[in-house]
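Here's the letter readout for the chains.
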Amino acid sequence: MGPFYSIAIDGPAAAGKSTVAKRVAAILNFTYIDTGAMYRAFTWAVLQRGLDPKDEKASCSIIPEVKIELFEDGRVLCNGEDVTRPIREPLVSGNVSYIASYKDIRLALVDMQRAMAASKSVVMDGRDIGTYVLPNADVKIYQIASVETRAQRRYDENVAKGIPTSMEDVIEDVKKRDYIDSHRAFAPLRPAEDSVELDTSPLGIEEVVDAILDIIHDKTGLEIPCH
Ligand code: DC
């Protein structure tokens, strides 16, 4: 265990990873890194240039031009433009799995993710954090939930953010992304051998947060601050 701790939280789309990861990071005073937001911002850049996200060559051609910045307050900038909101919209959600399946784009973003975790304690959420990005993470959680639970959570999230959505579309999107994310050739979605699986379907956010903090305490001996 180095001077910095790394906590990996992986799992399928809309399993509530980011909400929980943010809370855990805040309680431990670690930095939360939303790797999905990076794939989303890249997708936004591809669409903004009028390129087809299904076209691997065209999408990869802009790698040198895309600069993504994540801020502690959750803002995401792409080439200086605030894309925090547009990256959650259905156009990006519906195309991000194509972009995330391209090896060259993954390698570029994974370099950034590893650099961020090298100099501070982090809670990082994604699909391949425990298996590929941070194989030596101190704690690896694989968070799952039923499709219905995940779709309901994503639907509620969109409604709260004022993003127009139908339940049918959310279910379709969640299923489609699960399929593409777990079937891609390079760094697909799957649990790391040394991960702890957590089914969050029957749990509320605070119960999931407490379960993860318990696992972190057990694995690392870290004292968990009162919260
Ligand atoms: O977690 P999210 O829904 O914001 O992720 C958006 C997409 O990015 C998701 O469909 C899969 C992809 N992704 C990935 O392939 N690897 C990661 N580490 C994070 C996200």
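Small disclaimer: the values here were computed from a predicted structure and weren't measured. (Residues numbered from 1 in each chain as written. Predicted model: local features only at pLDDT ≥ 70, side-chain atom pairs only at ≥ 80, totals over all residues. Heavy atoms only, no water.)

Student: Explanation requested: the pairing of strand β7 (residues 139-144) in the structure shown.
Tutor: Strand residues, when the strand is regular, have side chains that alternate between the two faces of the sheet. With five of six residues buried, β7 is to be regarded as a mostly interior element. Bridging between strand β1 (residues 6-10) and β7 involves four bridges; their strand directions are parallel. Among the inter-strand pairings, Ala8 is bridged to a residue of β7, identified as Lys140. The pairing of β7 with strand β8 (residues 196-199) spans four bridges and is parallel. (Buried < 20%, exposed > 50% of the residue type's maximum accessible area, 1.4 Å probe, protein only. Helix = DSSP H or I, 4+ residues; strand = E, 2+ residues; numbered from the N terminus. Pairing = 2+ DSSP bridges.)

Student: Is there a simple way to think about helix α1 (residues 17-28) in this case?
Tutor: For an α-helix the count is 3.6 residues per turn, leaving residues at separations of three or four pointing the same way. In this model α1 runs 16 Å from its N-terminal to its C-terminal C-alpha over 12 residues, within 8% of the 16 Å that 1.5 Å per residue would give. All of the buried residues along α1 are Lys17, Val20, Ala21, Val24, Ala25, Ile27 and Leu28. Angularly, the buried residues of α1 cover 165° about the axis, an arc narrow enough to put them on a single face. On its buried side, α1 packs onto β1, β2 (31-34), β6 (122-126), β7 and α10 (205-220). (Expected span 1.5 Å × (residues − 1). Arc of directions from axis to C-beta. Contact = heavy atoms within 4.5 Å.)

Student: What should I look at first to understand the sheet that holds strand β4 (residues 76-78) in this one?
Tutor: Sheet strands associate in pairs through backbone hydrogen bonding, adopting either a parallel or an antiparallel arrangement. Strand order in the open sheet formed by three strands is β3-β4-β5, with antiparallel pairing between adjacent strands. Each edge of the sheet is formed by a strand with only one pairing partner; in this case those strands are β3 (68-70) and β5 (81-82). Where β3 lies against β4, three bridges are found, and the strand directions are antiparallel. Bridge pairing in β4 places Glu69 opposite Leu77.

Student: What's the story with the site of the ligand in this structure? I'm lost.
Tutor: Residues in close proximity to the ligand total 16 residues, the closest being Arg40, Arg106, Asp128, Arg177 and Arg184. At 2.7 Å from an oxygen atom of the ligand is found a side-chain nitrogen or oxygen belonging to Arg40. A distance of 3.2 Å is found between an oxygen atom of the ligand and a side-chain nitrogen or oxygen belonging to Ser97. Contact with the protein chains removes 97% of the 450 Å² of surface that the ligand exposes when unbound. A total of four residues in the shell around the ligand trace back to one element, the largest contributor, which is helix α2 (residues 35-48). (Near = heavy atom within 4 Å. Polar contact = N/O pair within 3.5 Å; in protein donor to acceptor, adjacent residues only side chain to side chain. Areas by Shrake-Rupley, 256 points an atom, 1.4 Å probe, with all protein chains shown as cover.)

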